[in-house]
Amino acid sequence: MNMKWIIATNNKSKVKEFHKILPPLGIQAQSLAEAGISLEVEETGVSFEENALLKARACCARTGLPSVSDDSGLVVDALNGAPGIYSARYAATDAECNARVLREMEQVPDGEARHARFVCVIACVLPDGREFTVYGECHGQIAREERGENGFGYDPLFYAPEYGKTYGELTPEVKNEISHRAAALRAFAEKLKEMGIKQDDE
Ligand code: ITT
């Protein structure tokens, strides 16, 4: 039986990262677009966990296949956790989202006062009804301006002091080692092992 996982996201940048991170973990997956499925899920939850589960449940109900989703966002200390679960909806476009964060952070001094984290919750829903979520995060600071062309979303603003670069300047290889998504996907692979779920890809 082909048990290829479905990645329940419409975000092409997330799909790209899943495709880089999952194969070395021994997991084969295809995106909604690759499977020719159109699925829009309203994110009515009040937490990353709830929204991730909404997306994975809807995908599994539609496809009958094991489904994995990603709800993620930027959590900024100085903004009391905003944009948080509203990261994709903080403004009309990525550029406007970044401009809004920069504007709101204008008065915040450099250094740890500008601390933020990226959060990623991966939800997994199996056709037999089993489901779980795993969590990943990574830490950084909000830069004073956008830097770098790599990545997506808030990456050009997210400064990693240990690299002296924003995530927009990191290579995809480095980002996919240290990111919130990488951490969550590693936890996902561990959890599958723990539950004795092996991918049967014949
Ligand atoms: P799906 O719901 O279809 O997966 P989405 O883009 O709407 O796609 P979310 O609701 O999880 O996904 O919103 C996540 C937002 O958080 C995303 O649009 C980015 O703005 C931001 N974000 C998440 N991961 C990021 C990353 O690795 N780098 C930069 N920004 C990220």
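Now for a look at the structure at hand. Keep in mind it's a predicted model, so treat the numbers as computed, not measured.

**Considering the sheet that holds strand S3 (residues 67-76)**
Piece 1. Overall, mixed pairing links the seven strands, which are arranged S2-S1-S3-S4-S5-S6-S7 in an open sheet. Both edges of this open sheet fall to strand S2 (29-31) and strand S7 (165-166), since each of them pairs with a single strand only.
Piece 2. Across 11 bridges, the pairing between strand S4 (residues 115-125) and strand S5 (residues 131-142) is antiparallel. Across the sheet, valine 119 pairs through a bridge with glutamate 137, a residue of S5.
Piece 3. Together, strand S1 (5-7), S3, S4 and S5 form the strand contacts of helix H2 (residues 48-63), whose direction differs from that of S3 by roughly 160°.
Piece 4. In the packing of helix H5 (residues 180-194) onto the sheet, the strands contacted are S1, S3, S4 and S5, and the crossing angle to S5 comes to about 155°.

**Side note on the packing of aromatic side chains**
Piece 1. For the structure on display, the rule yields five aromatic pairs.
Piece 2. With 4.2 Å between their ring centres and 35° between their planes, phenylalanine 118 and phenylalanine 158 make a pair best called tilted. Of this pair, phenylalanine 118 sits in strand S4 while phenylalanine 158 sits in strand S6 (residues 158-160), and the two are 40 residues apart along the sequence. For the pair phenylalanine 118 and phenylalanine 158, a shared accessibility class is recorded, and that class is buried.
Piece 3. Between the aromatic rings of phenylalanine 158 and tyrosine 167, the centroid separation amounts to 4.8 Å while the plane-to-plane angle is 85°, which identifies the pairing as edge-to-face. Each member of the pair, phenylalanine 158 as well as tyrosine 167, is classed as buried.

About the cut-offs
- Residues numbered from 1 in each chain as written.
- Predicted model: local features only at pLDDT ≥ 70, side-chain atom pairs only at ≥ 80, totals over all residues.
- Heavy atoms only, no water.
- Pairing = 2+ DSSP bridges.
- Helix = DSSP H or I, 4+ residues; strand = E, 2+ residues; numbered from the N terminus.
- Contact = heavy atoms within 4.5 Å.
- Axes fitted to C-alpha atoms, helices over the stretch in contact; angles between N-to-C directions.
- Phe/Tyr/Trp six-rings, centres within 6.5 Å; stacked < 30°, edge-to-face > 60°.
- Buried < 20%, exposed > 50% of the residue type's maximum accessible area, 1.4 Å probe, protein only.

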